[in-house]
Amino acid sequence: MYNKQQNPMIKRPIITSFILMLGFAGIVYAQHPGGPPGTGFADFNGKLSGNVYDADYQEPIEYANIVLFRQKDSAQVTGTITNPQGYFQLTDIKPGMYYMEISFMGYKTHTIKGIKITPANPEVHAGNISLKSTVLPVEGTVVEAERPVMSYEIDKKVINVSRQTTSVSGTAVDVLENVPSVNVDIEGNVSLRGSENFTVLINSRPTILDPSDALQQIPASMIDNIEIITNPSAKYDPEGVSGIINVIMKKKTLQGISGIANMNVGLDEKYGGDFLVSYRTGIANLFLSASYRKYSFPGTSTIENRTTNNDTTSYVLSSGQTSRWWKPYGLRMGVDLQLGIRDKLSLGGQYRAWEMEHINELNYDEWSEPGDTTHNLYLSQDNGEFSHQYYSLTLDHVHRFGEKNHNIALRGVYSHIKRTRLSFDELLDTTDVITSGRRNEEQGPTMFAQIKLDYTLPVREKSKFEAGFQARPNRSEEDAKTYEYDTTTGNYEYAEQFSHSTKYTRDIYALYTMYSGTWHRFGYQGGLRSEITHRLIEMIGEDEQFTLDRWDYFPSCHVSYKFPKGQQLMASYTRRISRPRPWWFEPFITWSDAYNVRKGNPELNPEYIDSYELGFQTFLGKSLISLETFYRKTHNSIERVQSLYSDNVILHTIENVGTDRVLGVEGMFDVKLAAWWNINCTGNLFQQWIKGELYGQSFSEENFNWSTRFSNEFRVLPTTKLQFNGRFHSPRLSVQGQREAYFTIDGAIKQGFFNKKLSATLQIRDIFSTSKREYTSEGEDFYYYRYSDRKSPVVMLSINYNFNNYKQERRRDDTEQDFEGMEEM
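This structure is a prediction, so every number in the text was calculated from the model and none was measured.

## Thoughts on the side chain of Arg438
Its location among the elements puts Arg438 in strand β23 (residues 434-460). For Arg438, a relative accessible area of 12% translates into the label buried. A polar atom in the side chain of Arg438 sits 3.3 Å from the side chain of Glu484. Dropping the residues within four chain positions of it, Arg438 is found in contact with Ser423, Phe424, Asp425, Thr482, Tyr483, Glu484, Tyr492, Trp591, Asp593 and Ala594.

## What to know about the pattern of salt bridges
Per the counting criterion, the structure on display carries 21 salt bridges. One salt bridge in this structure joins Asp396 and Arg411, with 2.6 Å as the shortest N-O distance. Pair noted here: Asp396 is in strand β21 (residues 376-400) and Arg411 is in strand β22 (residues 407-428), with a separation of 15 residues, a long-range link. Arg411 carries the same exposure label as Asp396, and that label is buried. A salt bridge links Glu442 to Arg598; the shortest N-O distance between them is 3.0 Å. Residue Glu442 is found in strand β23, and its partner Arg598 is found in strand β31 (residues 596-599); the two are separated by 156 residues along the sequence. Owing to a relative accessible area of 10%, Glu442 belongs among the buried residues under this scheme. On the basis of relative accessibility, which here comes to 26%, the residue Arg598 falls in the partly exposed class. Because the salt bridges share partners, they merge into one network encompassing Asp237, Glu239, Arg472, Arg529, Glu531 and Arg579.

## A word on the confidence of the model for the chain
Of the residues in the chain, 86% reach a pLDDT of 70 or more, and the chain-wide mean stands at 82. Least confident of the elements in the chain is helix α1 (residues 12-31), whose mean pLDDT is 42; most confident is strand β24 (residues 463-486), at 94. Here residues 1-42 is modelled with pLDDT under 50, and outside its nearest four sequence neighbours on either side it reaches 60 contacts, counting other chains as well. For the stretch residues 135-145, pLDDT sits under 50, and the model shows 20 contacts to residues farther than four places along the chain or on other chains.

## A few points about the pairing of strand β41 (residues 758-765)
In this structure, strand β40 (residues 742-753) lies alongside β41, joined through seven bridges in antiparallel fashion. Each bridged residue has a counterpart across the sheet, and for Gly752 the counterpart in β41 is Ser759. Hairpin geometry of β40 and β41 is characterised by an intervening segment of four residues between the two adjacent antiparallel strands and by a positive phi of about 55° at Phe754.

## Structural notes on the sheet that holds strand β3 (residues 76-81)
Here four strands make up an open sheet; going across it, the order is β3-β2-β5-β6 and the pairing antiparallel. Two strands lie at the open edges of the sheet, namely β3 and β6 (110-117), each paired on one side alone. Between one strand axis and the next, the sheet turns through 20° on average, direction left out of account. Two strands pair when backbone bridges link them, and strand β2 (residues 65-70) and β3 are joined in this way by five bridges, in the antiparallel orientation. Bridge assignment links Phe69 to a residue of β3, and that residue is Gln76.

## Looking at the nonpolar core
Judged by nonpolar contacts, the single largest core of 28 residues is most densely connected at Leu176, Val182, Val190, Leu215, Ile226, Ile228 and Ile245. Elements with a contribution of two residues or more to this core: α2 (172-176), β10 (182-184), β11 (190-192), β12 (199-202), α3 (211-216), β14 (223-229) and β15 (244-249). Take this core: its biggest share by element is four residues, from α2. The residues touching Val190, leaving out its near neighbours within four places in the chain, are Val173, Leu176, Val182, Asn183, Val184, Glu196, Phe198, Ser212, Leu215 and Ile245.

## So, the sheet that holds strand β7 (residues 123-131)
Spatially, the three strands line up as an open sheet ordered β4-β1-β7, and their pairing is mixed. The sheet is open, and its two edges are formed by β4 (87-93) and β7, each paired on a single side. For this sheet, the mean inter-axis angle between neighbouring strands, taken without regard to orientation, is 20°. Alignment of strand β1 (residues 46-54) against β7, held across seven bridges, turns out to be parallel. The partner of Leu48 across the bridge, within β7, is Val124.

Rules of the game
- Residues numbered from 1 in each chain as written.
- Predicted model: local features only at pLDDT ≥ 70, side-chain atom pairs only at ≥ 80, totals over all residues.
- Heavy atoms only, no water.
- Helix = DSSP H or I, 4+ residues; strand = E, 2+ residues; numbered from the N terminus.
- Buried < 20%, exposed > 50% of the residue type's maximum accessible area, 1.4 Å probe, protein only.
- Polar contact = N/O pair within 3.5 Å; in protein donor to acceptor, adjacent residues only side chain to side chain.
- Contact = heavy atoms within 4.5 Å.
- Salt bridge = Lys/Arg side-chain N within 4 Å of Asp/Glu carboxyl O.
- pLDDT = per-residue confidence, 0-100.
- Pairing = 2+ DSSP bridges.
- Axes fitted to C-alpha atoms, helices over the stretch in contact; angles between N-to-C directions.
- Core = buried A, V, L, I, M, F, W, Y, C linked by side-chain atoms within 4.5 Å.

Okay, structure coming up:
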């Protein structure tokens with residue numbers, strides 16, 4: 001697998017695959033050049049469409065429920081919901097007489113009777129339908145129609161961030177704590193369906209930051225919604241074990257000047273703010289946003305470390321105070337230009353920085369058995385500073401051809417990041433004399449670029465063919481230096497044996513093709529993606545390098561079926577890959593502190609994942625019930641493992657350990673018990689099996705995991721909202737250890753002022769101080785236990801202000817139909 005030279009023959013399959021894709025497109029288009037086949041009654045496809053608006057403010061209502069009934073027996077025929085523009089369309093309606101009910105929480109149900117579908121008039125447009133509020137405006141208050149917590153599409157779940165009141169002052173990580181499929185531990189580490197290996201996109205664009213680091217930098221108040229894509233199609237980058245988290249940022253689109261501003265302040269040195277301003281006129285939309293935050297989290301830590309070497313067992317116990325703070329800030333700007341009726345150009349740029357510092361002061365007790373059982377007492381001062389400086393430039397151009405949905409899109413992304421990590425640890429005896437110390441410096445730049453070309457061709461009215469090309473070059477360097485304390489001179493001396501420089505090159509080129517559409521109540525989407533990867537790791541000054549050339553294929557398949565009464569069944573399969581991160585390959589020792597070292601593994605293979613899903617959604621009245629089952633098999637599973645390095649010192653490294661299988665069920669129930677009370681509950685259960693070989697010994701592990709979340713939302717007054725969220729996570733096993741269970745409860749109250757232009761939110765997170773991190777790891781010659789928690793509850797106050805000065809856009813159709821005369825149409 002590893003070789004010194006790149007194989008030039010490996011590029012030939014790219015040309016072959018591209019020719020096959022184009023050939024497939026021609027075959028498909030030739031088979032379906034025009035309209036729907038057949039003219040018989042079985043092919044009759046009646047349609048009913050319309051637009052739903054707020055009667056008082058003439059604003060579109062998104063997610064309004066549309067249900068069609070047969071007039072003669074009131075049997076439910078079909079149903080749907082409105083899109084963000086308030087538009088809906090019902091299809092596959094047989095000839096007959098019908099009536100329709102339009103409803104949405106906070107509005108009176110509207111019924112339209114006498115709807116007639118005939119072969120002579122198969123398509124009926126209901127025009128603009130106005131819903132009246134069930135609550136009269138108080139003192140000029142605007143009635144706000146809230147979107148549901150979550151909605152489903154054929155290949156993703158869309159989370160409405162505006163409903164996450166308890167996380168409004170935090171980051172994207174805080175929002176994800178209450179999202180199905182996602183777990184977040186006390187240190188902010190995010191996992192998607194049990195795996196920390198997933199891909200983060202921001203506005204559907206990749207980022208070179210680590211997933212958890214990227215999410216920590218995004219203010220929750222700047223997020224519009226979050227898409228959870230656990231089985232991405234072939235159109236997406238296949239990177240990541242468990243899928244994709246796509247963060248969609250806010251971008252105002254009102255005419256004129258509009259914007260939002262937020263300010264946060266809390267206990268224990270927590271504060272921050274952000275704003276978004278946009279200006280839209282004519283063919284241009286410009287926006288500018290900035291954010292700054294500082295978070296401080298004091299806490300405690302307890303560690304037990306036990307190692308066995310020959311017949312001697314060494315013990316190290318430590319406990320004390322910890323302090324951790326981080327400071328993310330950034331600037332984002334962009335412009336959208338409408339270049340005529342067929343072309344749209346978007347330019348954007350952002351700068352983000354992230355600074356973090358931790359200070360640990362722990363008391364150590366060290367001894368050995370058998371032998372000298374004298375207890376050596378130390379004070380450890382462990383400090384670390386980490387910083388990222390990141391900027392990104394983006395370009396998007398879409399050209400639309402004459403036919404609807406026929407377009408070609410070009411996207412370019414260039415990102416650059418500079419990482420710096422400084423850390424030192426010292427051990428002091430009872431007389432405050434330094435007995436040992438070490439200082440580490442790690443820094444280096446990383447460059448990432450993406451060029452993507454997507455083509456979409458409508459084949460039939462409800463089908464389309466897609467194909468595209470993508471290039472993703474990546475370059476990074478790291479320079480690591482270590483200095484050790486010399487007790488004789490009292491100075492830190494350069495340690496050449498622990499200092500190294502590395503260059504990392506990775507180029508990925510991809511082609512994909514997809515075909516999707518609907519047939520009656522069936523939806524389908526199939527695709528194939530091919531990728532070639534070239535990777536080169538160079539150890540500067542050591543005349544050592546590691547090269548990889550690999551060709552991979554990634555098929556995907558999604559199908560769905562909509563039942564007559566609005567239920568939906570969805571199934572999918574995808575193949576994915578998880579490539580090791582650059583620093584996982586570095587084959588040298590780096591000291592983390594006096595008792596822990598880490599080392600990379602240049603022999604790591606990528607993980608390959610086969611992922612299957614089956615989901616069902618239905619409405620029980622106005623309540624949404626969702627149930628999904630998933631099965632994931634990971635080949636070459638990568639695990640962080642530990643072993644004995646020397647007396648009292650544990651080596652942390654990464655290995656391919658074997659095969660990991662996960663079978664699980666995920667459910668969600670969203671119900672409105674009363675006009676003022678809404679409950680949302682989710683649960684995730686999965687069984688995990690891990691089988692393989694580690695350090696020459698075979699192993700087989702299995703464990704059952706579960707987690708649940710619940711959210712209670714109370715509309716106390718028209719402008720007052722109260723929310724309580726709770727989360728519980730069961731114990732979780734790994735190859736060598738276990739993370740213990742924990743639970744936490746959060747609360748928030750939100751009050752609106754001045755027609756909801758101004759709002760204040762008081763949040764209390766971890767009300768009962770139950771959030772913690774407790775982890776145990778053990779092997780044949782070591783045992784490691786760690787318990788840590790953070791000071792809680794965490795109290796924050798957030799102020800939000802919306803401002804605008806704009807002319808309201810005309811959203812209604814120019815032509816309206818009188819529904820009373822529809823029977824004669």
